[in-house]
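Fold and geometry: a report
Below are the chains, spelled out letter by letter.
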Amino acid sequence: MTLTMTALIDQLRTIVGDAHVLTEGDLTAWEQDWRKRVRGKALAVVRPGDTAQVAAVVKACAAAGTAIVAQGGNTGLAVGSTPDASGTQIVLSLQRMNAIRTIDAANLTVTVEAGCILQTLQEQAEKAGFLFPLSLAAEGSCTIGGNLATNAGGTQVVRYGNTRDLCLGLEVVTPQGEIWEGTSGLRKDNTGYDLRDLLIGSEGTLGIITAATMKLYPMPVAQLTAWAALPSLDHAVTLLGLAHKHLGAGLTGFEVMGQFALSLVGKHMPQLRVPFLGDAAAPYCALLEISDNESEDHARARFEALLETAFEDGCVTDAVVAENLTQAHQLWHIRESIPLAQAEEGLNIKHDISIGVSRIPAFVAETDALLQREIPGVRLVNFGHLGDGNLHYNVQAPAEGDAKAFLRDEEERVNTLVYDAVEKFGGSFSAEHGVGELKVHKLEKHKSPVALGMMRAIKRGLDPQNIMNPGRVLRA
Ligand SMILES: Cc1cc2nc3c(=O)[nH]c(=O)nc-3n(C[C@H](O)[C@H](O)[C@H](O)COP(=O)(O)OP(=O)(O)OC[C@H]3O[C@@H](n4cnc5c(N)ncnc54)[C@H](O)[C@@H]3O)c2cc1C
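**Details of the overall build of the protein chain**
Check the secondary structure of the protein chain and you find 17 helices and 19 strands. Expected size for 476 residues packed as a compact globule is a radius of gyration near 23 Å; at 23 Å, the protein chain falls within 12% of this value. Projected onto its principal axes, the C-alpha coordinates of the protein chain cover approximately 70 × 55 × 45 Å. Across the 476 residues of the protein chain, 54% fall into the buried class. Split by element, the accessible area of the protein chain, about 20,200 Å² in all, is 53% carbon and sulfur.

What follows is the structure, given as structure tokens:
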């Protein structure tokens, strides 16, 4: 370690306290990414306790020219929250900054520190009689700061939007260690460039989010969940249109799952009872959620009217409606178990893509055929948030053969085939997981030179030293 590094670590210890600068022992939790694809080496893991300490840490690092990797729950899927292998970057963990500062009932807002676990925020909102609608399978570990920095989506985007749509203000520490206090909670504020929206989705490359003011909603009186069997993906799109028409803002979730994805759940989690599993007449299933502010009976009547029309139209061949909350959770659990079942099946190549909803069936038909032609035996695990045009279009190695070799030899080719098809259909190569380190070169390939030029100008302007998560999202 150089003298400058030793001096910096001493300085960081003075700022946050000895116990909160970790340099020894097992730092795997901070140094390895969620999918265990990458392992870095941190100069130190620094855990400030308040915004002033974050600012002082950033100032000290800026003076030493030391790079900072912000980290929340380290559940990100694009390799953005772990340090590189150089041993020269610090991980700035927001874990200790987890307080809910205020709930303003009249303004329907909550102001919360960045390190607050998403599930804790949901629970605290509910205790106060409100809904905080952001919901994703990592909610027990991810933080609101990480959700904002990646503009996370999840299962209720069709009604409430992405994390960006739920945010009214931010408190941020700039790359120079200044504090920008922007948590006013205003719903209207057209005073120049929108710095909040610039920071949301910036993946730790433009500053550290230390707190945020988020929107709250009234708790729905009733929630219903149904599972429908569909003759094709085209019919899923038709059903989605019908659901919008019948339910309006009451439609809060619309997921789609292919039979092969469900068969993996059936195979690796036999204790889960997957409706319509193996039904040849139902190559796809949809999971729908409706929220209602009147009553359970009102919700059920609307849902039944929708399903009746869907049966008449032939876009649904069979359906089950959860009788109670336990059954609803069981249905959601099946959907959320697909990634784990896929992991149990073996190595696979993941794509988190978005395409205009109307073009999804054509994209899938064309890309399925292309991949099967190019790589015989390849297995396609297709599921996702159809309501938002977001598919997790994953490619599982052929059943026979060496999955490791498949990944080594075919990953880049598969990615190119899929992302070129996405571009052809006017879609995005990263719908909700961000760019991180994993997709930097995809950004360079698929974004227009004009867009890239503007992004680089923003990065250079705000972080001229390039100390905020360097190499992520954009290369210098
Ligand atoms: C099982 C599972 C399911 C998931 N499901 C979904 C899903 O449905 N929808 C979805 O969108 N995503 C999903 N994700 C990925 C999702 O992006 C993350 O779970 C979450 O949003 C990241 O939060 P985090 O606190 O873990 O952030 P981290 O992983 O710690 O960080 C992610 C990025 O944000 C930056 N960052 C973190 N905190 C801050 C901060 N305070 N200030 C500035 N930058 C910061 C990091 O530097 C990094 O670039 C899933 C992940 C898993 C493991």
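**Concerning the domain arrangement of the protein chain**
Along its sequence, the protein chain is organised into domain 1 (3-93), domain 2 (100-218) and domain 3 (222-339). Spacing between the C-alpha centres of domain 2 and domain 3 amounts to 29 Å. Listed by partner, the interface residues are 6 residues for domain 2 and 10 residues for domain 3. Ranking the residues of domain 2 by area buried against domain 3 places Thr155, Val158 and Arg159 at the top, with a combined share of 64%. Our count for the contact surface shared by domain 2 and domain 3 stands at 0 salt bridges.

**Describing the sheet that holds strand E9 (residues 179-182)**
With antiparallel pairing, 5 strands are arranged side by side in an open sheet as E5-E6-E10-E8-E9. Each edge of the open sheet carries a strand with a single partner, namely strand E5 (100-104) and E9. Geometrically, the sheet is characterised by an average inter-axis angle of 15 degrees between neighbouring strands, direction not taken into account. Summarising the sheet, strand E6 (residues 109-113) and strand E10 (residues 208-215) pair through 5 bridges and their orientation is antiparallel. In the strand pairing of E10, Thr111 is matched with Thr213. Along the sheet, helix H3 (residues 51-64) makes contact with E5, strand E8 (167-173), E9 and E10, crossing E8 at roughly 50 degrees.

What counts and how
Residues numbered from 1 in each chain as written. Predicted model: local features only at pLDDT ≥ 70, side-chain atom pairs only at ≥ 80, totals over all residues. Heavy atoms only, no water. Helix = DSSP H or I, 4+ residues; strand = E, 2+ residues; numbered from the N terminus. Rg over C-alpha atoms; globule rule 2.2 N^0.38 Å. Buried < 20%, exposed > 50% of the residue type's maximum accessible area, 1.4 Å probe, protein only. Areas by Shrake-Rupley, 256 points an atom, 1.4 Å probe, with all protein chains shown as cover. Domains from an automatic or database assignment. Contact = heavy atoms within 4.5 Å. Buried area = accessible area lost by both parts, 1.4 Å probe. Salt bridge = Lys/Arg side-chain N within 4 Å of Asp/Glu carboxyl O. Pairing = 2+ DSSP bridges. Axes fitted to C-alpha atoms, helices over the stretch in contact; angles between N-to-C directions.

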